[in-house]
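Per-entry structural report
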Amino acid sequence: MIYHLEFRLYSFPFTTPLVTSHGSWEIRSGIILKIWAEPQKVAYGEIAPIPWFGSETLEAALEFFQGLPSQLTHEEIENIPDRLPATQFGFSSAIESLEFLKNPPNPFQNANFSYLLPTGKTALNAWQKPWQDGYRTFKWKIGVSAPEQELEQLRQLMNSLPLGAKLRLDANGSLNLAQAHLWLQECDRLNIEFLEQPLPVDNFQDLLTLAEKYRTSIALDESVATTAQLEACYAQGWKGIYVIKPSIAGYSDRLRSFCRSFNIDAVFSSSLETAIGRTQALRLAQELSNPQRAVGFGVDQWLNISSKALIQQLWQEP
Ligand code: MG
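Residues numbered from 1 in each chain as written. Predicted model: local features only at pLDDT ≥ 70, side-chain atom pairs only at ≥ 80, totals over all residues. Heavy atoms only, no water.

A count of helical and extended segments in the protein chain gives twelve helices and twelve strands. Taken over the C-alpha trace, the protein chain has a radius of gyration of 20 Å; the compact-globule value for 318 residues is 20 Å, and the two agree within 12%. Here the C-alpha coordinates of the protein chain stretch approximately 60 × 40 × 30 Å along the principal axes. Residue pairs at least 24 apart in sequence account for 68% of intrachain contacts in the protein chain once pairs closer than 6 positions are excluded. (Helix = DSSP H or I, 4+ residues; strand = E, 2+ residues; numbered from the N terminus. Rg over C-alpha atoms; globule rule 2.2 N^0.38 Å. Contact = heavy atoms within 4.5 Å.)

Here the magnesium ion is held by the protein donor atoms D170 (OD), E196 (OE) and D221 (OD), which lie 2.1 to 2.2 Å from it. If you list the donors of the magnesium ion from N- to C-terminus, the spacing comes out as D-x25-E-x24-D. Taken together, the residues span a long stretch of sequence, with D170 in strand β7 (residues 166-170) and E196 in strand β8 (residues 194-196) at a distance of 26 residues. For the pair shown, D170 and E196 are each scored as buried. (Donors = N, O, S within 2.8 Å, 3.2 Å for Na, K, Ca; no water. Buried < 20%, exposed > 50% of the residue type's maximum accessible area, 1.4 Å probe, protein only.)

In this section: the sheet that holds strand β12 (residues 295-298). Strands sit in the order β11-β10-β9-β8-β7-β6-β5-β12 across an open sheet of eight strands; the sheet is parallel. Since the sheet does not close on itself, it has two edges, and those belong to β11 (265-268) and β12, each with one partner. Geometrically, the sheet is characterised by an average inter-axis angle of 35 degrees between neighbouring strands, direction not taken into account. For β8 and strand β9 (residues 217-220), the ladder comprises three bridges, and the chain directions are parallel. (Pairing = 2+ DSSP bridges. Axes fitted to C-alpha atoms, helices over the stretch in contact; angles between N-to-C directions.)

Now for the layout of surface pockets. Taken as a whole, the second largest pocket holds about 210 Å³ of empty space. Along its surface, the second largest pocket is lined by H74, I77, E78, S92, I95, E96, E99, Y251, S252 and D253. Sorting the residues of the lining of the second largest pocket by element identifies α2 (74-78), α3 (85-100) and α10 (252-261) as the ones contributing at least two each. For the lining of the second largest pocket, the element with the most residues is α3, which contributes four residues. Tallied by class, residues from the lining of the second largest pocket come to three nonpolar, three polar and four charged. Built from parts of two domains, the lining of the second largest pocket gets at least three residues from each of domain 1 (2-104 + 304-315) and domain 2 (110-298). (1 Å grid on protein atoms, 1.4 Å probe; cavity = no way out; pocket = protein on both sides within 12 Å on 5 of 7 lines; lining within 4 Å. Points joined across faces, edges and corners; volume = space filled by probe spheres on them. Nonpolar A, V, L, I, M, F, W, Y, C, P; charged D, E, K, R; others polar. Domains from an automatic or database assignment.)

Our focus in this paragraph is the state of the cysteines. Taken as a whole, this structure holds zero disulfides when the rule is applied. The thiol of C259 is unpaired, and the distance to the nearest cysteine sulfur, on C233, comes to 13 Å. Here C259 falls in the buried class, since its relative accessible area comes to 10%. (Disulfide = S-S within 2.5 Å.)

Turning to the sheet that holds strand β4 (residues 71-73), a few remarks are in order. On the basis of which strands lie adjacent, the open sheet formed by four strands has the order β3-β2-β1-β4 and antiparallel pairing. With one partner strand each, in any of the chains shown, β3 (41-47) and β4 form the two edges of the open sheet. Shown here is a sheet whose adjacent strand axes are inclined to one another by a mean of 40 degrees, direction ignored. Pairing geometry for strand β2 (residues 23-38) and β3, over seven bridges, is antiparallel. Bridging across to β3, I31 finds its partner in I47. Sheet strands in contact with helix α1 (residues 58-66) are β1 (2-20), β2 and β3, and its direction is about 20 degrees off that of β2. Most of the contacts of α3 go to β3, to which it runs at about 155 degrees, and overall it touches β1, β2, β3 and β4.

Moving on to α10. Of all the residues in α10, the buried ones are S252, L255, R256, F258 and C259. Each buried residue of α10 sits inside an arc of 165 degrees when the element is viewed along its axis, so together they form one side. What points out from α10, more than 90 degrees from its buried face, is the exposed set D253, R260 and S261. Tucked into the core, α10 has its buried residues touching α3, α8 (227-235), β10 (241-244), α9 (246-249), β11 and α11 (275-288). (Arc of directions from axis to C-beta.)

For the protein chain, the assigned domains are domain 1 (2-104 + 304-315) and domain 2 (110-298). Between the C-alpha centres of domain 1 and domain 2 the distance comes to 24 Å. At the interface, 42 residues of domain 1 touch 37 residues of domain 2. Carbon and sulfur atoms supply 61% of the area that domain 1 and domain 2 bury against each other, a total of about 2,900 Å² over both sides. (Buried area = accessible area lost by both parts, 1.4 Å probe.)

Take a look at the structure:
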């Protein structure tokens, strides 16, 4: 099979910057690819890298695209180097879309999504509207200001959330060991759903120790950015939660076969991609995410561009 390929760069500002311990993220840039074997069967794929998280940079992906011929074989698509996991996802999900042609209807409702709250004390007045819209699980980023201040805000937030709400925290690898203990004691007391990536990626042994000591579950996220890392952490004995961002994980098939081979507690999550990557990431979430937990896709409030509008804009089609 020979595939024709075109691609376009895109760049959109978030509604408001996303503040994490890595800094302030203001613009989502990526690549949309268009692929077809027969002219009437066209599919799209998205490369939405998050380099500070462990994927390739947009520049590296672009360089790869610029070296590609305008016609590709299946073999070339299956041999994208592992250093380009977001690119592997973009191509493999476009090929899957060609095969399925139509995506199944999205079975998720707001109640199945974890709604990402703004960082800091703004969160205290940001859950009410999504709660009315049916969201029940919320996520709050920590590790941005002093722990005492954030712990106080956490207590206020937990006091104000209605019965039935769940809260998960995400430190983005920013805590030291002493701070992680402090947070986990409070998480146990307040019944937090889980704490995501309290320590940096290279502190794997300490993460294992923390996971055994507290009732609150710990989730790896930055530690398992790609399927290769996922496999490595599993092999080293991680029994906690795995946050999986399919858009930067690599080939969809490799991710699928890992998740199907092992009974892991997986929480699929957005990479703040456009609707093109999101639809394909959600298709994998529907297949593979733990149905007992909300998926991390409650992020429309940061970026919300329909596939149709995006394609029209990038290809200037009517
Ligand atoms: Mg995270």
